[in-house]
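Listed below, chain by chain, are the residues.
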Amino acid sequence: MLNIIDGKRISQEILMEVKTKVEELKSEGKVPCLSVILVGNNPASKIYVNNKKKACEKVGMKSEEYLLDENVSQEELISLIEELNNREDVNGILVQLPLPKHLNEKVVLEAISYKKDVDCFNPYNVGKLMQGTGTLLPCTPAGIIELLDREKIEIEGKNCVVLGRSNIVGKPISIMMLNRNATVTICHSRTKNLEDICKKADILIVAVGKEKFVKDFMVKEGSTVIDVGINRNSEGKVCGDVDYENVSKKVSYITPVPGGVGPMTISMLIKNTLIASTQQKIYIY
Ligand code: GUN
């Protein structure tokens, strides 16, 4: 039987859980706060930033937006990050990517204090993740684990195949599945016999950014397929990396696009902001 994993519903559940905790904190006069920095006028980034703000409002958190000019210097941007690092009333800091070409993304992201790094892009937090002791975990991979857990899909001992090795999704989700005792295979553009490897997957996680990359003959019957892709097809409709129509006839669990992994990312960001605020034990009164 096919189960379509409803990321929209689960992400709302998580937001409601966070809201309850925020209300508890508020009753003690403490309000967690997320600061978001957006450089330039990328329309997609503006929408993402707005969605993050709305999610903060939904759970009763404070949010701040810093809209910086496209031509802002690296020094100015880093000086703002440092100011936010030092502010006791700011619990989470997020610099929306991509940044304009003249800014060094690596240097900028490393400037964010690891305590406020709600994206988990700082090498300290990536190192903690590697050791299995991370508390701030990267949002999309953490969202995938939540989906699996809440659908009661067992991870331990399962063959997990990850397609894609990006720093944002492929690498961290591989480590997180390993930390949960899955047997993990990471595949990428140079992998040979991809079809054979995918067919052995109990859990197939796909983050390659190519429409209909995973076809029905590549998946195991009764398996779980998690589609992280967000693409636009020739008709302009949002679609994932998996040939959903055909693959869904063969597997037991699948995430749709839209409405699968996508909505989880923001909910996990909000959850990270709550976690960061409780770890810092510093709030605005
Ligand atoms: N741009 C696209 N996805 C992300 C994300 O997860 N975090 C940040 N900071 N920027 C992004």
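Look up a bit, the structure's there.
A. Region of interest: the overall build of the protein chain. Of the regular secondary structure elements, the protein chain holds 10 helices and 11 strands. Reported as C-alpha extents along the three principal axes, the dimensions of the protein chain are approximately 55 × 45 × 40 Å. For the protein chain, contacts bridging at least 24 residues in sequence account for 71% of all contacts bridging at least 6. A total of about 13900 Å² of accessible surface is found on the protein chain, and carbon and sulfur atoms cover 51% of it. Averaging the coordinates of the 38 positive side-chain charges in the protein chain and doing the same for the 37 negative ones gives two points 3 Å apart.

B. Just the nonpolar core, in detail. Counting 47 residues, the largest nonpolar core has Met177 and Ile205 as the members making the most contacts within it. Only helix H1 (7-27), strand E2 (33-39), helix H2 (43-59), helix H6 (139-150), strand E5 (159-163), helix H7 (170-179), strand E7 (203-206) and helix H10 (262-280) provide two or more residues apiece to this core. Look past the residues within four positions of isoleucine 205 in its chain and what remains in contact with it is Ile144, Cys160, Val161, Val162, Leu163, Ile173, Met177, Ile226 and Val228. Residues Ile37, Leu77, Ile81 and Leu103 belong to the second largest nonpolar core, which totals 20 residues.

C. Local environment of unusual backbone geometry. Across the junction of leucine 97 and proline 98, the peptide omega takes the value 0 degrees, indicating a cis bond. The residue proline 98 is located in the loop between strand E4 (92-95) and helix H4 (105-111) in this model. Omega for the bond connecting valine 257 with proline 258 falls within 30 degrees of zero, at 0 degrees, which places this linkage in the cis form. Tracing the chain through its elements places proline 258 in the loop between strand E11 (253-254) and H10. Even without being glycine, cysteine 120 reaches a positive phi, approximately 60 degrees.

D. Region of the structure containing the pairing of strand E8 (residues 224-227). Neither face of E8 is exposed, since Thr224 and Ile226 on one face and Val225 and Asp227 on the opposite face are all buried. Of the strand pairs in this sheet, E8 and E11 are connected by 2 bridges, and their pairing is parallel. Bridge pairing in E11 links threonine 224 to tyrosine 253.

E. Highlighting the state of the cysteines. Considering all chains together, one arrives at 0 disulfides under this definition. Between cysteine 33, a cysteine without a disulfide, and cysteine 56, which holds the nearest cysteine sulfur, the sulfur-to-sulfur distance is 7.8 Å. Cysteine cysteine 187 remains unbridged, with the sulfur of cysteine 198 as its closest cysteine sulfur at 5.6 Å.

F. Highlighting the sheet that holds strand E3 (residues 62-68). The parallel open sheet is built from 3 strands, whose spatial order is E3-E2-E4. In this open sheet, the two strands that pair with only one neighbour each are E3 and E4. When strand polarity is set aside, the average angle formed by the axes of neighbouring strands in this sheet is 15 degrees. Seen against the sheet, helix H3 (residues 74-86) touches E2, E3 and E4 and runs at an angle of roughly 180 degrees to E2.

G. Helix H5 (residues 123-131), seen in detail. Structurally, the start of H5 carries an N-cap: the backbone nitrogen of tyrosine 124 is 2.8 Å from a side-chain oxygen of asparagine 122. In the segment just after H5, glycine 132 is the residue with positive phi, at about 75 degrees.

H. Here's a closer look at the side chain of serine 252. Mapped onto the secondary structure, serine 252 falls in the loop between helix H9 (244-247) and E11. Among the polar contacts listed, one links the side chain of serine 252 to the backbone oxygen of glycine 222, at a separation of 3.2 Å. Every residue in contact with serine 252, bar those within four places of it in the chain, is listed here: Met1, Leu2, Asn3, Gly222 and Ser223.

I. A look at the pattern of salt bridges. For the structure on display, the rule yields 16 salt bridges. The partner of arginine 150 in a salt bridge is glutamate 17, and the shortest N-O contact between them spans 2.8 Å. In this pair, arginine 150 is assigned in helix H6 and glutamate 17 in helix H1, connecting sequence segments 133 residues apart. Judged by relative accessible area, arginine 150 falls into the partly exposed class, the value being 27%. With a relative accessible area of 37%, glutamate 17 lands in the partly exposed category. Linking arginine 180 and aspartate 149 is a salt bridge whose minimum nitrogen-to-oxygen distance equals 2.9 Å. With arginine 180 in the loop between H7 and strand E6 (183-187) and aspartate 149 in helix H6, this pair connects stretches of sequence that are 31 residues apart. The class for arginine 180 is partly exposed, based on a relative accessible area of 33%. Residue classification places aspartate 149 among the partly exposed positions, given a relative accessible area of 33%.

Rules of the game
Residues numbered from 1 in each chain as written. Predicted model: local features only at pLDDT ≥ 70, side-chain atom pairs only at ≥ 80, totals over all residues. Heavy atoms only, no water. Helix = DSSP H or I, 4+ residues; strand = E, 2+ residues; numbered from the N terminus. Contact = heavy atoms within 4.5 Å. Areas by Shrake-Rupley, 256 points an atom, 1.4 Å probe, with all protein chains shown as cover. Lys, Arg positive; Asp, Glu negative; His and termini not counted. Charge placed at Lys NZ, Arg CZ, Asp CG, Glu CD. Core = buried A, V, L, I, M, F, W, Y, C linked by side-chain atoms within 4.5 Å. Buried < 20%, exposed > 50% of the residue type's maximum accessible area, 1.4 Å probe, protein only. Pairing = 2+ DSSP bridges. Disulfide = S-S within 2.5 Å. Axes fitted to C-alpha atoms, helices over the stretch in contact; angles between N-to-C directions. Polar contact = N/O pair within 3.5 Å; in protein donor to acceptor, adjacent residues only side chain to side chain. Salt bridge = Lys/Arg side-chain N within 4 Å of Asp/Glu carboxyl O.

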